[in-house]
Amino acid sequence: MPPRGLGRPRRAKIARGRFFCRAPMTPQVESDACGSAAGFGGLSVVAFESRMAAETAAMIRRHGGVATVAPSMREVALEDHHAAFDFARRLLAGQFDAVVFLTGVGTRELFRIIATRHPRADLLEALGRAVTLARGPKAVKALRDLGFEPAIAIAEPNTWREVLAGLAPPLTLAGKRVAVQEYGVSNRELIAGLQARGAEVVSVPVYRWALPADRGPLRAAIGQIAARSADVVLFTSSSQVVNVMQTAEADGLGGELRRGLAAAAVCSIGPVCSAALRAHGVAVDLEPSHPRLGHLVREAAAGAAALLARKRAGAPRGAGDAARVEAALPHPGAVAGAGALRDHPMMLACRREPTPYTPIWLMRQAGRYMPEYRRVREQHGFLEMCRRPEIAAEVTVTAAERLGVDAAIIFADILLPLIPMEVGLRYDQGAGPTIERPVRSASDLERIGPLDAAGALSFVGDAIRMARRALAGRIPLIGFAGAPFTLASYLIEGGGSRQYQATKTMMYTEPETWHRLMETLARATADYLNMQIAAGADLVQLFDSWVGSLGPDDYRRFVLPHTAAVISALNRTVPVIHFGTVTGSLLELMREAGGDVIGLDWRVDLAQAWARLGYGVGVQGNLDPIALFAGLPEIRRRARAILDQAAGRPGHIFNLGHGILPETPVDHVRALVDAVHEMSRR
Ligand code: CP3
């Protein structure tokens, strides 16, 4: 029987736990393939694990390391158990529609406390009337040991995002009461995410982490790292990162610790822990294939020697560079954690909040101008690259790392939603895309019928999950889709076009067919983008690349309602960038259609365009892609002119006015990224 209140529960999709080797363009390696018999080979290994300190030290030694395990946290039972008893009372009264269990230890402790006042059978029976969600195998096991099977089990990497996704539609949360068993620090992002979906959230803190009573060993371990006598450092939770950094800062050793970590192999248990490290200016060298202690130690042992050799030979330039990440810190010393990405300059700019520098990414940053892309492309067809998540993820991450940009964009194409329409979409090397059987009439439209783009393109969701894992919280990942007009133009013309003659002819002579086609595309696009958001896209961009071929009246009548339908149907936990070219006469209407940020091309003056749009919306752009063919002084001059037009106003994302062209020199692209970072630093 479906649990009351929230609609049909659903088992959360399991995010794949894999190790994505971070070296540029190296193939993805399954965990066991990373194994090696040599182990740590006498390297000194520091870990901060507390509860499992002895086991961790033994494991490190078993793998040939010299272990220093310095507990960094102390579990403190709350003095009074108000929250726990209050939870029990309300649960028994049927006041919770859903209960989220975040940790195994916390779940056990919660029931140990409340079972002192209420019969366990009553508690479990009451629990059975709510939707129950357990985050990760330990929480599931704790509940099973109590004789209870949770309705939803969240698998790895089981961060707050997966928890939120586990409660995704068709479950509805609006007006529902959700209890969240908390561990250590309160999980603000999860609570905010639930509240954003309309839930009333009740936190049930069961225990908290404090610094250890005796901080001697912790200080000694920090000193060891600062003195460069630690080769490998293992972090097994994000709270550890906070405590270690706080202790070092309090002792005036923050900078030394960071430099020591930069010289060591830094290994992190999972994405949230890595995000915390990066937010503190520490680059992460290795994340295991599964977020477990055993995997971490084993895979660190297998990879440490090679990692250190590479690192000590001169760390490669990239977005993970410690100084860069440190510079990206919005509030130096801010307590980091899962929220690190939320406070990334790119995300701040989408919300029009101040940033330490102007974030930049580039449309078509993963493309033929880049030798790494061409090498992969020589081996695979373009559609094959899109369909194979491991290739798409690799291309996505490599481009972003190579350029040092502030966002990655998932490797895909706006025309992929045409695949399930079976119109004969082809990409021939060197030529633009073609559609063998264009849609030009009402009967053609019958042929394509209703679309399940989200289902047919689940490989894009897989690529997003993999890319996000590989990016490990360092920079946000952009999902995208074509807007209905631009998609329709390809579908009707059968490919790219100059005049959009067939497209406009349908619009003007068969408006009913036009609107039906646009409705079909709008629905498919919204589903497709929501699927990408559910898979972990941190923001999305809607490309209406060719809409500038229309005048304002036609835009309002034939396009605006459909684009607005897409944007208003999106899961608004993520920002939306709405982009078009040659849109000088359409900007106000595009804003009306929606989006948090409006993408501009180079044909408009950014300052004037923003003034017209109003400062209640962000802007993205708008360097002419051909400027990248000029010399570096000219590139800098033009970039500075754009920054001057934006005048440091919060809400500007630097980009080109359209995609990078295939012949563009890669060095010029990198120089642009560096110049924008440097010239905009505030
Ligand atoms: O920005 C990125 O790095 C992510 C990937 C991306 C691609 N296409 C990859 C791609 C994105 C965001 C797109 C969007 C896209 N695709 C748009 C909107 C943006 C724009 O340029 O206006 C449009 C109109 C398309 C349709 C499309 N796909 C065209 C016109 C072409 C051929 C022209 C070209 O630049 O190659 C494609 C093919 C395509 N999409 C390639 C890539 C890397 C080249 C394929 C190849 O290697 O042969």
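Residues numbered from 1 in each chain as written. Predicted model: local features only at pLDDT ≥ 70, side-chain atom pairs only at ≥ 80, totals over all residues. Heavy atoms only, no water.

Draft legend 1. Quick look at the site of the ligand. Neighbouring the ligand are 24 residues, the closest being Arg 364, Arg 368, Tyr 373, Ser 545 and His 658. Within the side chain of Ser 545, one N or O atom sits 2.5 Å away from an oxygen atom of the ligand. Isolated, the ligand exposes 860 Å² of accessible area, and the fraction of that covered by the protein chains is 91%. (Near = heavy atom within 4 Å. Polar contact = N/O pair within 3.5 Å; in protein donor to acceptor, adjacent residues only side chain to side chain. Areas by Shrake-Rupley, 256 points an atom, 1.4 Å probe, with all protein chains shown as cover.)

Draft legend 2. Region of the structure containing the pairing of strand 10 (residues 265–268). Here strand 10 shows no split at all, with Ala 265 and Cys 267 on one side and Val 266 and Ser 268 on the other all buried. Bridge analysis of strand 9 (residues 232–235) against strand 10 gives four bridges, and the strand direction is parallel. Residue pairing in the sheet places Val 233 in a bridge with Val 266 of strand 10. (Buried < 20%, exposed > 50% of the residue type's maximum accessible area, 1.4 Å probe, protein only. Helix = DSSP H or I, 4+ residues; strand = E, 2+ residues; numbered from the N terminus. Pairing = 2+ DSSP bridges.)

Draft legend 3. Spotlight on unusual backbone geometry. The omega torsion across Gly 621 and Asn 622 is -5 degrees, close enough to zero to call that bond cis. With respect to the helices, strands and loops of the structure, Asn 622 is situated in strand 18 (residues 618–623). Of note in this structure, Val 582 is not a glycine but carries a positive phi near 55 degrees. With respect to the helices and strands, Val 582 occurs in the loop between strand 16 (576–580) and helix 25 (587–593). Residue class for Val 582 comes out partly exposed when judged on its relative accessible area of 39%.

Draft legend 4. View of the pattern of salt bridges. Taken as a whole and judged by the stated rule, the model has 30 salt bridges. We note a salt bridge from Lys 141 to Asp 145, for which the minimum N-O separation is 3.1 Å. Of the two residues, Lys 141 and Asp 145 are both situated in helix 5 (residues 136–145); the distance of four residues between them amounts to about one turn of the helix. Lys 141 sits in the partly exposed class, given a relative accessible area of 45%. When the shortest N-O distance is used, the salt bridge between Arg 612 and Glu 588 registers 2.8 Å. Residue Arg 612 is found in helix 26 (residues 606–613), and its partner Glu 588 is found in helix 25; the two are separated by 24 residues along the sequence. (Salt bridge = Lys/Arg side-chain N within 4 Å of Asp/Glu carboxyl O.)

Draft legend 5. Quick look at the sheet that holds strand 17 (residues 597–599). Spatial strand order, 11-14-15-16-17-18-19: seven strands in an open sheet with parallel pairing. Edge positions in the sheet fall to strand 11 (408–409) and strand 19 (652–656), since each has one partner strand and no second. Note that strand 18 and strand 19 share five bridges and pair parallel. Along strand 19, the bridge assignment pairs Val 619 with His 652.

Draft legend 6. Representation of the pairing of strand 1 (residues 44–47). Of the two faces of strand 1, the one holding Ser 44 and Val 46 and the one holding Val 45 and Ala 47 are both buried throughout. Where strand 1 and strand 2 (residues 66–69) come together, four bridges link them in parallel fashion. Paired with Val 46 across the strands is Thr 68, a residue of strand 2. In this view, the connection linking strand 1 to its parallel neighbour strand 2 by way of helix 1 (residues 53–62) has right-handed handedness. (Right-handed = clockwise from strand over helix to strand, strands pointing away.)

Draft legend 7. View of the nonpolar core. Counting residues in hydrophobic clusters, the biggest one holds 135 residues, and the most contacted among them are Trp 361 and Leu 672. The element best represented in this core is helix 23 (residues 511–535), accounting for twelve residues. The residues touching Trp 361, leaving out its near neighbours within four places in the chain, are Met 346, Val 405, Ala 407, Ile 409, Ile 478, Gln 541, Ile 577, Gln 620, Ile 653, Phe 654 and Asn 655. Core analysis: the second largest hydrophobic core is formed by 43 residues, Leu 43, Ile 222, Leu 257 and Leu 293 among them. (Core = buried A, V, L, I, M, F, W, Y, C linked by side-chain atoms within 4.5 Å. Contact = heavy atoms within 4.5 Å.)

Draft legend 8. Molecular detail of the environment of Phe 382. Tracing the backbone shows Phe 382 in helix 16 (residues 382–387). What Phe 382 contacts, discounting residues up to four positions off in sequence, is Tyr 373, Arg 377, Phe 411, Ala 412, Asp 413 and Tyr 427.

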